[in-house]
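This is what each chain is made of:
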Amino acid sequence: MNVYTELIKKLVLDVCLQHHAKLLHKKYAKLKDEDDHPLFGLCYYASEAYFHLLKGSDIGIKGAYKRFTWRGESITHWVVKMPDGVVVDITNAQFCGEITFDYSTFKGCGFQQISGSARFIINEVEKRLILV
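Owing to the predicted nature of the structure, the values given are computational and were not obtained by experimental measurement.

**Student:** Sorry if this is basic, but what is going on with the nonpolar core here?
**Tutor:** Taken as a class, soluble globular proteins show a tendency for nonpolar side chains to be buried jointly. Ranked by internal contacts, the top residues of the largest apolar core, which has 41 residues, are Ile8, Val12, Cys16, Tyr50, Met82, Ile121 and Val125. Mapped by element, the contributors of at least two residues to this core are helix H1 (3-18), helix H3 (26-31), helix H4 (43-53), strand S1 (62-70), strand S2 (73-81) and helix H6 (116-131). The dominant element in this core, judged by the number of residues it contributes, is H4, at seven residues. Beyond its immediate chain neighbours, meaning those up to four positions away, Val12 contacts Ala46, Tyr50, Leu53, Ile90, Ile121 and Val125.

Here's what the structure looks like:
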């Protein structure tokens, strides 16, 4: 990863941490415990925003996901796979080391429309980029 992609990753992460309560989907809000990491449940929005900020479809970036069981619920964890195979898991801290993933088992896919939460993250990142 280069300096720009690292900067975008850091800015997406900062926005997610700052606005986590606003961004969290209702399904994950029900699963979230009070002491869970603030990134809990934000992997899709963070990955989607990162993908679109980097113009992923133009340069061969893909989304990837894995379904697994967490607290008795079937949930999905999302990451981004770069063209060189590097996996960017922006929200991996949400699991606090309790879960590790074999990213080679993730299913690749693209991101279609931009969700409202990803649009919010993108807008906030773009505001911060103006200051850089």
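**Student:** How should I be thinking about the state of the cysteines in this particular structure?
**Tutor:** A covalent bond between the sulfur atoms of two cysteines is referred to as a disulfide. In total, this model carries zero disulfides according to the counting rule given. Unpaired in terms of disulfides, Cys43 finds its nearest cysteine sulfur in Cys16, a separation of 9.9 Å. Residue Cys109 stays outside any disulfide, its sulfur separated by 12 Å from that of Cys43, the closest cysteine.

**Student:** Just to check I follow, could you spell out the sheet that holds S2 for this structure?
**Tutor:** Note: strands within a sheet are paired through backbone hydrogen bonds, in either parallel or antiparallel orientation. Pairing in this open sheet of four strands is antiparallel, and the strands run S3-S2-S1-S4 from one edge to the other. In the strand order of this sheet, the two ends are held by strand S3 (87-88) and strand S4 (107-109), each with one partner. In terms of strand pairing, S2 meets S3 through two bridges, oriented antiparallel. Each bridged residue has a counterpart across the sheet, and for Lys81 the counterpart in S3 is Val87. H4 rests against S1, S2 and S3 of the sheet, and its axis sits at about 20° to S2.

**Student:** Honestly, the pattern of salt bridges in this entry has me stumped. Any pointers?
**Tutor:** Pairs can form between side chains of opposite charge once their charged atoms are near each other. Overall, the coordinates contain three salt bridges when judged by the stated rule. Of the charged contacts, one joins Glu124 and Lys127 as a salt bridge, the two residues approaching to 3.0 Å between their closest N and O atoms. Separated by three residues within a single helix, Glu124 and Lys127 lie in helix H6, roughly one turn from each other. Overall, Lys127 belongs to the exposed group, its relative accessible area being 51%. Here Glu124 ties to Arg128 by a salt bridge, and the two come within 3.1 Å at their closest N and O atoms. Taken as a pair, Glu124 and Arg128 lie in helix H6 at a separation of four residues, close to a single helical turn. Under the relative-accessibility criterion, Glu124 is labelled buried at 12%. Within the structure, one salt-bridge network assembled from shared partners comprises Glu124, Lys127 and Arg128.

Thresholds applied
Residues numbered from 1 in each chain as written. Predicted model: local features only at pLDDT ≥ 70, side-chain atom pairs only at ≥ 80, totals over all residues. Heavy atoms only, no water. Core = buried A, V, L, I, M, F, W, Y, C linked by side-chain atoms within 4.5 Å. Buried < 20%, exposed > 50% of the residue type's maximum accessible area, 1.4 Å probe, protein only. Helix = DSSP H or I, 4+ residues; strand = E, 2+ residues; numbered from the N terminus. Contact = heavy atoms within 4.5 Å. Disulfide = S-S within 2.5 Å. Pairing = 2+ DSSP bridges. Axes fitted to C-alpha atoms, helices over the stretch in contact; angles between N-to-C directions. Salt bridge = Lys/Arg side-chain N within 4 Å of Asp/Glu carboxyl O.

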